[in-house]
Amino acid sequence: MTPEIGHYALVLAFALGIFQGCVPLYGAQRNDPVLMATAVPTAVAQFVFIGIAFAALTLAYVGSDFSVVNVFENSHSLKPLIYKISGVWGNHEGSMLLWVLILALFGALVAIFGGNLPLTLKANVLSVQSWIAVAFILFILATSNPFLRLVPTPAEGRDLNPLLQDPGLAIHPPLLYVGYVGLSISFSFAIAALIEGRIDAAWARWVRPWTLLAWIFLTLGIAMGSYWAYYTLGWGGWWFWDPVENASFMPWLIATALLHSAVVMEKRNALKIWTILLAILAFSLSLIGTFLVRSGVLTSVHAFATDPTRGVFILALLIVFIGGALALFAWRAPLLKQGGLFAPVSREGALVLNNLFLVTACLTVFVGTLYPLALEALTGEKISVGAPFFNATFGPLFLMLLLAVPFGPLLAWKRGDLPGVAQRLMAAAGVALVVMVATYAIAWGGPVLAPVMIGIAVFVIAGALTDFAERAGVGRVPLGTSVRRAAGLPRSAWGTMLAHLGLGLTLIGIVGETQFGSERIAEMKPGQTMAIAGYDFHFDGIAVRPGPNYRDQVATFTVRRGGDVIGVMAPSKRTFPARSTTRTEAALMARGFSQLYLSLGDVSASGTLAVRVYHKPLVLLIWLGTIVMVIGGTLSLTDRRLRVGAPKPARGKAAMQPAE
Amino acid sequence: MTRKQRRLVLIGSSLAVLVLAVGLMLTAFRDSIVFFNSPTDVVEKQIAPGARIRLGGLVKEGSIRRSDNLQVRFEVTDGRNTIPVAYQGLLPDLFREGQGVVTEGALDQAGLFKADSVLAKHDENYMPREVADRLKQQGHWKDDAGKKTGTAGKGVVQ
């Protein structure tokens, strides 16, 4: 019965969505406050109904109701509860349901917290948001219904893909979806502004917190996914430039650009058209990502060809939404008046440069991701575009951007003083140079480019601190005063500093892991020892340990450094009988920011075990940096001026600081 | 600076970055793209020894020979042609006889494919895309991968 209730609730949400997509919009055209006001309760109700549908599916999973096809195919009665729940979104149908749930959640949030939005803007935004919801609910109902029943009811499910039975994967999709789908709000705001043909600085102030919120979750989601890949795939890679990863990375790049351009729009009333375009592009790339991942076009062109309903459906949605939005943009954007002149060398100019690099970098990712698909569709030739392509295109562009990062926050609005700023960055550049030379000396004969990149990263970090320290008056006033001043700086200033600092940390981690890491593969028998980067691994033995729905073959290694035992690592091979699959469970040991990484290959009949050991210097900085970025974003979000729904800038003109 | 000059600077720098990006992409396309080939392609196109390619197909039943130091030899087949492959290292969890595989490397003079990587990102639900297509073309498609494409490794979750 529960699945039917869920299905019915979803149909109701669909019907409500149609109402919400039309009536408030019509009300805004007619300037009828009663019609416009209907947007609020319908948006909330839509969320409630989709919530009921989602809860119904979750209940079916928790109760292992195998009469539901979706549960049968992706669950198992012996699976731990957390994976029964995460199994809801560990498959196509359920994850689409989560997608619309989050979409409706954002709509409801705007409805509830948007009390101070102009009535027409709010009505238009919620209507546009509802079109997206309607389209995707229709997609679920028509092609991917998670509530289908199975007769007769099987006794046991087919279990969730073992790779997905992992705590990281349990929370990764919801995080990522909040980010992905959160960008729909900026999209809806952009479309609403185009429909009204009017946009002002206040618009940017409303849009920015939502974008920031989406950006925070997108950053977390991408970092989480990368860490998951790192420790589960068993070969220590944390980023593969895989189309699925790129699908989430492209919206991140554009959302980052959007955050920065919205600052210009808010402060200086300039770059309006550009900001609108970015808002459209950011969500369009989310949709393209959804298409790439959900249509099956990546995993098998064969699947796309034999069962094209899903792919064609999403493709049609893409064309309608992206094409429609861009057409509306082309038609209405000229109506928006540009304002706020600025010299090329100025804060605005720096932010434009930032946007330029982020967008072009995104373009290279886009081309690298879609070119193989296009080439195959057109000529049948199959190619693979992998890391070398992205390293050679995205890499240089992003490094150039990083070089410019410290300059931005130091330049004045309207007209900046580049030589002056360069002078103020001398100390930061000096530190970077020293670290660069030191790295070069320590890693003598190592990779040549690595010290340069470390230097750039240190420059970004020191540059972020320079701006902050200057404003707190470090060195000019007594320490106590400057600490008080630092504490009194707007949270958005803290946000900028931390976000840029995190970026530098991540880069150091990337360089450390990719350029200075080492790897060894060997066959070992119990009692043997292998050494890497000054660590000795003694293979103690292998044992079998049962789990709830799997069986572990655990190998134990004693790790020594200079003869002293520093710990035990126990990687394993995990066999899942329900799908007769095996998964490698790597063992990790942190040493400061570096990690030792141990994963197992096959156990041969004679008892030798294939072992792969990595030393990954500074690898943890990759994720620590993203966490610092997220903390920066969160601080910015709590800034008074940006508080969701804050009616007016609390500090007015006095606080003309960027809050990215 | 006049408004016009400012605009020129803006447009000029945008174009410069764009040209740079396009230049980088074109160079990268020339150097870092690897073509996918089935064993039949390798035979028909007479791929030169030393050229970097991806070779994909099924691991031939009974062809896996392991020796010391994680050396392994196996044969990749698409039913019509078979290419011997040599690889040293750990094989992915789901590397099995009769399963699809994609390897990257180059042929040597003797026609042996020396692989430096064997792609791991598939399980029984995820046949590498290229392999699935070729097998389909050649009538060797047999499992239910088509039905279950949603559940591929990372693909499932995003």
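Conventions adopted
Residues numbered from 1 in each chain as written. Chains lettered and ligands numbered in written order. Predicted model: local features only at pLDDT ≥ 70, side-chain atom pairs only at ≥ 80, totals over all residues. Heavy atoms only, no water. Buried < 20%, exposed > 50% of the residue type's maximum accessible area, 1.4 Å probe, protein only. Helix = DSSP H or I, 4+ residues; strand = E, 2+ residues; numbered from the N terminus. Pairing = 2+ DSSP bridges. Axes fitted to C-alpha atoms, helices over the stretch in contact; angles between N-to-C directions. pLDDT = per-residue confidence, 0-100. Contact = heavy atoms within 4.5 Å. 1 Å grid on protein atoms, 1.4 Å probe; cavity = no way out; pocket = protein on both sides within 12 Å on 5 of 7 lines; lining within 4 Å. Points joined across faces, edges and corners; volume = space filled by probe spheres on them. Nonpolar A, V, L, I, M, F, W, Y, C, P; charged D, E, K, R; others polar. Domains from an automatic or database assignment. Buried area = accessible area lost by both parts, 1.4 Å probe. Polar contact = N/O pair within 3.5 Å; in protein donor to acceptor, adjacent residues only side chain to side chain. Salt bridge = Lys/Arg side-chain N within 4 Å of Asp/Glu carboxyl O. Parallel < 35°, antiparallel > 145°, perpendicular 65-115°, else oblique. Left-handed = near helix turned anticlockwise from the far one by under 90°.

(A) View of the pairing of strand 3 (residues 529-532) of chain A. Residues and elements named next belong to chain A. Burial of strand 3 is one-sided: the residues Met530 and Ile532 facing one way are buried, the residues Thr529 and Ala531 facing the other way are not. The pairing of strand 3 with strand 4 (residues 535-546) spans four bridges and is classified as antiparallel. By the bridge assignment, Met530 is partnered in strand 4 with Phe537.

(B) Geometry of the environment of Trp331(A). Mapping Trp331(A) onto the fold places it in helix 13 (residues 309-332). Considering only alpha carbons, one finds Trp331(A) and Gly197(A), 134 residues apart in sequence, at a separation of 9.9 Å.

(C) Spatial organisation of the sheet that holds strand 9 (residues 587-591) of chain A. Residues and elements named next belong to chain A. On the basis of which strands lie adjacent, the open sheet formed by four strands has the order 2-11-10-9 and antiparallel pairing. On the outer flanks of this sheet lie strand 2 (518-524) and strand 9, each paired with one strand and no other. Mean inter-strand twist for the sheet, computed between neighbouring axes without regard to direction, equals 15 degrees. Here strand 2 pairs with strand 11 (residues 609-616) via seven bridges, running antiparallel. Each residue of the ladder has a partner; that of Ser518, found in strand 11, is His615.

(D) Examining the confidence of the model for chain B more closely. All names here are of chain B. Counting all residues, the mean pLDDT for chain B is 76, and 75% of those residues have values of 70 or more. Within chain B, helix 3 (residues 129-137) has the poorest average pLDDT of any element, 60, and strand 5 (residues 82-88) the best, 92. Taken as a whole, residues 121-126 scores under 50 in pLDDT and shows 22 contacts with residues more than four places along the chain or in a different chain. On the interface metric, ipTM, the complex scores 0.79, and its pTM is 0.89.

(E) Just empty space enclosed by the protein, in detail. Residues and elements named next belong to chain A. Applying the stated criterion to the full structure yields seven cavities of 30 Å³ or more. Taken as a whole, the largest cavity spans an internal volume of roughly 70 Å³. Considering the residues around the largest cavity, the lining is formed by Val405, Pro406, Pro409, Gly463, Ala464, Asp467, Phe468, Arg471, Ala493, Thr496, Met497 and His500. Of all the elements in the fold, those that place two or more residues in the lining of the largest cavity are helix 18 (449-472) and helix 20 (491-516). Per-element accounting of the lining of the largest cavity gives the leading share, five residues, to helix 18. Split by residue class, the lining of the largest cavity holds seven nonpolar, three polar and two charged.

(F) The arrangement of the domain arrangement of chain A in detail. Residue and element names in this part refer to chain A. Domain assignment breaks chain A into domain 1 (1-165) and domain 2 (519-616). Contacts between domain 1 and domain 2 engage 13 residues on the former and seven residues on the latter. Of the roughly 830 Å² buried at the junction of domain 1 and domain 2 (both faces included), carbon and sulfur atoms supply 52%. The largest share of the area that domain 1 buries against domain 2 comes from Asp159, Pro162 and Gln165, three residues that together contribute 52% of it. In this structure, the connection of domain 1 to domain 2 is made through zero residue pairs in polar contact (both at pLDDT 80 or more). Looking at the side of domain 1 that touches domain 2, its residues break down into five nonpolar, four polar and four charged.

(G) View of the environment of His615(A). All names here are of chain A. Relative to the helices and strands, His615 resides in strand 11. Sequence spacing of His615 and Leu183 is 432 residues, and the spatial spacing of their C-alpha atoms is 38 Å. Setting aside anything within four residues of it in sequence, one finds His615 in contact with Gly517, Ser518, Ile532, Ala533, Tyr535, Ser594, Gln595 and Leu596.

(H) Examining the pattern of salt bridges more closely. Within this structure, the stated rule accounts for 16 salt bridges over all chains. The shortest N-O distance in the salt bridge between Arg424(A) and Glu470(A) comes to 2.8 Å. Placement of the pair is Arg424(A) in helix 16 (residues 418-424) and Glu470(A) in helix 18, with a sequence separation of 46 residues. Look at Arg424(A) and you get partly exposed, because its relative accessible area is 35%. Glu75(B) is paired through a salt bridge with Lys60(B); the nearest N and O atoms lie 3.8 Å apart.

(I) Expanded view of unusual backbone geometry. Residue and element names in this part refer to chain A. Residue Pro152 follows Val151 across a cis peptide bond; omega there is -5 degrees. The topology assignment puts Pro152 in the loop between helix 7 (119-143) and helix 8 (167-196). One non-glycine residue with positive phi stands out, namely Ala533, at about 45 degrees. Along the chain, Ala533 turns up in the loop between strand 3 and strand 4.

(J) The arrangement of the packing of helix 8 of chain A against helix 13 of chain A in detail. Residues and elements named next belong to chain A. Contact pair helix 8 / helix 13: the axes reach a minimum separation of 9 Å and the direction vectors enclose 40 degrees. Judged by the angle between their axes, helix 8 and helix 13 are oblique. At the point where helix 8 passes helix 13, the crossing takes the left-handed sense. Between helix 8 and helix 13, the residues in contact are Phe187, Ile191, Leu194, Ile195 and Glu196 and Phe321, Ala325, Leu328, Phe329 and Arg332, respectively.

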